[in-house]
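Commentary on secondary and tertiary structure
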Amino acid sequence: MTLDLFDNLPEPDSRGGDRSEAIGPGAMVLRGFALSRASALRDAIEQIQAEAPFRHLVTPGGFRMSVAMTNCGTLGWVSDESGYRYDPLDPDSGRPWPAMPAVFAELAREAAAAAGYPGFAPDACLINRYAPGTRLSLHQDRNERDLRAPIVSVSLGLPAVFLFGGARRADRPARVRMAHGDIAIWGGPSRLFYHGIAPLSDGDHPLLGPLRLNLTFRKAG
Ligand code: MD3
Ligand code: FE
């Protein structure tokens with residue numbers, strides 16, 4: 001990735017306030033944006049996982065993912081031997097995914113607006129659960145129908161190193177630390193950039209214990 005991609009970005013302070021950082025073209029991190037709602041988010045995730053338990057999906061190539069996943073919203077992201085897709089039904093239960101809680105949808109809309117993407121109305125929220133050692137290898141998110149909508153990501157629990165690459169898989173990724181309560185927003189030129197999560201380090205978080213949870217909000221349908 002070359003520096004001139006960043007030349008047209010406004011100063012971070014003009015968008016997200018003094019705890020925001022531009023991390024790429026159309027991409028920014030809002031430090032601590034979710035902190036005041038963290039325990040409400042944790043409680044809502046409890047409810048969701050009672051209806052739709054976390055599970056380890058299998059990639060089309062036959063590999064079990066080390067990340068455990070579930071979803072809420074009208075569509076959920078699923079992977080199996082036949083491919084990746086968004087599905088209105090949880091394949092494990094045959095029932096619709098749990099509804100998206102109001103605290104989720106409102107937080108995602110506010111964060112997107114603060115990053116310069118007003119009117120974000122996600123219909124899918126993928127919830128990823130990481131234990132120490134869990135990683136997510138470099139990939140693109142391109143199963144969503146409308147790629148003009150951004151993706152909003154909320155980090156909770158143990159910190160992680162986010163790997164933020166470029167438009168090509170071979171672009172060397174930058175390493176960005178994502179801590180409890182941080183929100184990242186990817187849109188515009190960054191929307192199809194390669195990204196991943198480095199293996200999670202050991203730790204014990206006061207609210208979540210030895211875990212990291214990540215919510216990614218998407219406009220999938
Ligand atoms: C950058 N999740 O679920 S969120 C994923 O922390 C995923 O669980 C990671 O990648 C996690 O697909 C990272 C950050 C993220 C999501 C989508 C992006 C970063 C992105 C799309 C384009 C560029
Ligand atoms: Fe992703």
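Residues numbered from 1 in each chain as written. Chains lettered and ligands numbered in written order. Predicted model: local features only at pLDDT ≥ 70, side-chain atom pairs only at ≥ 80, totals over all residues. Heavy atoms only, no water.

Turning our attention to the site of ligand 1. In the vicinity of ligand 1, 19 residues are found, and the nearest of them are Asn-128, Tyr-130, Asp-141, His-195 and Arg-212. One of the side-chain nitrogen or oxygen atoms of Asn-128 is found 2.9 Å away from an oxygen atom of ligand 1. Here Asn-214 contributes a side-chain N or O atom positioned 3.3 Å from an oxygen atom of ligand 1. Burial of ligand 1 by the protein chains amounts to 98% of its free accessible area of 500 Å². Applying the majority rule of atoms within 2 Å of the grid points places ligand 1 in the largest pocket. For the shell around ligand 1, the secondary-structure elements that each account for two or more residues are strand S6 (124-130), strand S7 (136-139), strand S8 (151-157), strand S12 (195-197) and strand S13 (212-218). (Near = heavy atom within 4 Å. Polar contact = N/O pair within 3.5 Å; in protein donor to acceptor, adjacent residues only side chain to side chain. Areas by Shrake-Rupley, 256 points an atom, 1.4 Å probe, with all protein chains shown as cover. 1 Å grid on protein atoms, 1.4 Å probe; cavity = no way out; pocket = protein on both sides within 12 Å on 5 of 7 lines; lining within 4 Å. Sits in = over half its atoms within 2 Å of the grid points. Helix = DSSP H or I, 4+ residues; strand = E, 2+ residues; numbered from the N terminus.)

Let's shift gears to empty space enclosed by the protein. A full pass over the atoms with the stated rule returns 2 cavities of 30 Å³ or more. Contributing to the lining of the second largest cavity are Glu-51, Ala-52, Asp-90, Ser-93, Arg-95, Pro-96, Trp-97 and Pro-98. For the lining of the second largest cavity, the class distribution of residues is 4 nonpolar, 1 polar and 3 charged. (Points joined across faces, edges and corners; volume = space filled by probe spheres on them. Nonpolar A, V, L, I, M, F, W, Y, C, P; charged D, E, K, R; others polar.)

Nothing here speaks to function; it is all geometry.
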